[in-house]
Amino acid sequence: MGKKLIEFRNVSFRYGDEQPWVLKNCSFDIYEKEWLAIIGHNGSGKSTIAKLMNGLLFPQEGEIIIDGQQVNEESIWSIRKDVGMVFQNPDNQFVGTTVQDDVAFGMENRGIPREEMITRISETLSAVGMQDYLLTEPHRLSGGQKQRVAIASVLAISPQVLILDEATAMLDPKGRTEIMQTVNNVQEKNELSLITITHDLQEVVQADRVIVMNDGEIWDEAIPRDIFSKKDDLREIGLDVPFVAILADELKANGISITKEPLNHEELLEDLWTLHLKT
Amino acid sequence: MSNSLIIGQYVPGQSLVHKLDPRTKITIIFFFVFIVFFANNLVSYTLLTVFALASMFISRVPIRFILKGLTPVWFLIVFTFILHLFVTKEGTLIFDLYIFEFYTGGVIQGFAISMRFFLLILMTSLLTLTTTPIEITDAIEDMLHPLKKVKFPVHELALMMSISLRFIPTLMQETEKISRAQASRGVDFKTGPIKERAKAVVPLLVPLFVSAFKRAEELAMAMEARGYQGGEGRTKLRELKIEKRDILIYVLFACVIAGLIYTRNY
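Residues numbered from 1 in each chain as written. Chains lettered and ligands numbered in written order. Predicted model: local features only at pLDDT ≥ 70, side-chain atom pairs only at ≥ 80, totals over all residues.

Going by the annotation in an unreviewed UniProt entry, the name recorded for chain B is Energy-coupling factor transporter transmembrane protein EcfT, with Virgibacillus profundi given as the source organism. Listed under Sequence similarities (unreviewed entry) in UniProt, the entry text for chain B is "Belongs to the energy-coupling factor EcfT family." Turning to chain B, the UniProt annotation filed under Subcellular location (unreviewed entry) states: "Cell membrane". (UniProt positions renumbered as here; feature names shortened; annotations may be inferred.)

The name that an unreviewed UniProt entry assigns to chain A is Energy-coupling factor transporter ATPase, with the source organism given as Virgibacillus profundi. According to its UniProt record, chain A has this under Subcellular location (unreviewed entry): "Cell membrane". Recorded in UniProt for chain A, the comment headed Sequence similarities (unreviewed entry) runs: "Belongs to the ABC transporter superfamily."

Following this line, the structure appears as structure tokens:
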């Protein structure tokens, strides 16, 4: 693992003095170039973590250090250069009147010269497969396409961290696959840290590491396969366990020995057809 | 619905009028509005009409779009003509009808004033027909730039305009969705007396406003996350550039003004 990029040190947060704590004494690290998934049910504090990393909110207790800088009022502008964020609603984060204007928005804010903007727009739009939509208006795009533009506009400022805060939650299955594919490509090419925040266990399969949040506390931190093996506990904290994991459980209960916890259908299939070959 | 939706009246095209810098178009129309009132005889009116019609033909905007722009003001044009017909008592008497007397002066005056209206509407609708709203916004931002010295929020105003333009289709789609949802619950938007129909708009407007405010809040957060901190130190992707054709048009327009001043004294 690379060097530490983001450190959360005993961070607690609440929205007001009378409000309950949304985050309770959380500590964890995020390393360079890793893919971290944060998962939890609604209200578990996972989106608050994202907003804390970008300086949209500040913790009441504890400290957050990003690339050696502590997050506070003075450092937020330089931190926002390093931390890019894609939100849940595809419509409410599209600022420009056309695709190219929207990708340019973040760069305009940072005073990047026009010539450089033009090259970066075409680079990042081809990275997400939207290069043919340069002058298209947002209302002519699907949700998945809008989210891809949102990813492109974050990539255009070449951040060190890309946070997807439930970026697929409002999309149809097709849009969801589009985004997951785009995210995979981006992660392979750009060498940035990726943080995906979700409540869908299916989406954490490819991550390097998973943090499970429950009621503002870190409930578990492990690799996806280990998380998947704790099905009953996951169900208890309100997460949907994927069908393939349930199936594997039932098979085990019926005396079929499965060697490892399957993450997807292919892995389970592989296990099953080789079952009698091994014995 | 969403695929046929065009914001404003813009008719896409590649003509000279389309390609002109929006600032050039706005400046020329601004002065055109003034000089129309200086025309005082047949020759000067002809000059301005030729200029306006020439612009129209060069723009290659189909006539029906221009006529559509004129429809709301047809009444006004005809009304002023008739008014002048009745009221102006100059020149020689043509004929009288009981208490009404019609003079040549009334006909000429009515015709001249209607012509002024017609020319004004023609030129201004030509601007919106050949320029995208966002180009107009950029031009306004650029032309108001000197006002920054007196703390006038030029950049903020332009950003507000462009965000409004971006959200018009989104909110229209939303309105349609809400009105369908409410119609499915029995709200009747289409029949009944006007008072009832006005009441039916309330369950449409309330959810629309609630969602618009929510959108605004989320958009503000997204903009902040993307590093927006006001107009200071910002660069721009969309660029306005004065080309040779703009200068050519300015020179031509200056000739029209000179011609007008000359023909006024005919």
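Let us keep going from here.
## Quick notes on the interface of chain A and chain B
Each partner contributes residues to the interface: chain A has 30 residues there, and chain B has 28 residues. Among the secondary structure elements, those contributing two or more residues to the side of chain A that touches chain B are helix H2 (76–82), helix H3 (99–109) and helix H4 (114–127) of chain A. If you tally residues by element for the side of chain A that touches chain B, the top one is H3 of chain A, at 7 residues. Looking at the side of chain A that touches chain B, its residues break down into 11 nonpolar, 11 polar and 8 charged. (Contact = placed C-beta atoms within 7 Å. Helix = DSSP H or I, 4+ residues; strand = E, 2+ residues; numbered from the N terminus. Nonpolar A, V, L, I, M, F, W, Y, C, P; charged D, E, K, R; others polar.)

## Looking at the pairing of strand E9 (residues 209–214) of chain A
Residue and element names in this part refer to chain A. Among the 6 residues in E9, 5 count as buried, and that is most of the element. As paired elements, strand E3 (residues 35–39) and E9 share 4 bridges and run parallel to each other. Residue pairing for E9: Leu 36 is matched across the bridge by Arg 209. When E9 meets strand E10 (residues 217–222), the two strands line up antiparallel, connected through 5 bridges. The partner of Val 210 across the bridge, within E10, is Ala 222. (Buried ≥ 20, exposed ≤ 12 C-beta atoms within 10 Å, placed from the backbone. Pairing = 2+ DSSP bridges.)

## Overview of the environment of Ile 66 of chain A
Residues and elements named next belong to chain A. The residue Ile 66 is located in strand E4 (residues 61–66) in this model. With 23 C-beta atoms counted inside 10 Å, the residue Ile 66 sits in the buried group. For the pair Ile 66 and His 265, spaced 199 residues apart in sequence, the C-alpha to C-alpha distance is 38 Å. Ignoring sequence-local partners within four residues, the contact set of Ile 66 consists of Leu 5, Ile 6, Met 53, Val 71, Ile 79, Asp 82 and Val 83.

## Some points on the sheet that holds E9 of chain A
Residues and elements named next belong to chain A. Here we have 6 strands laid out as an open sheet, ordered E6-E7-E8-E3-E9-E10, and mixed in their pairing. Taken across any chain shown, the strands that pair with only one partner, and hence form the sheet edges, are strand E6 (83–86) and E10. Averaged over all neighbouring strand pairs, the angle between strand axes comes to 20 degrees, with direction disregarded. Against the sheet, helix H1 (residues 46–53) touches E3, E6, strand E7 (161–165), strand E8 (193–198) and E9, its axis set at about 145 degrees to E7. (Axes fitted to C-alpha atoms, helices over the stretch in contact; angles between N-to-C directions.)

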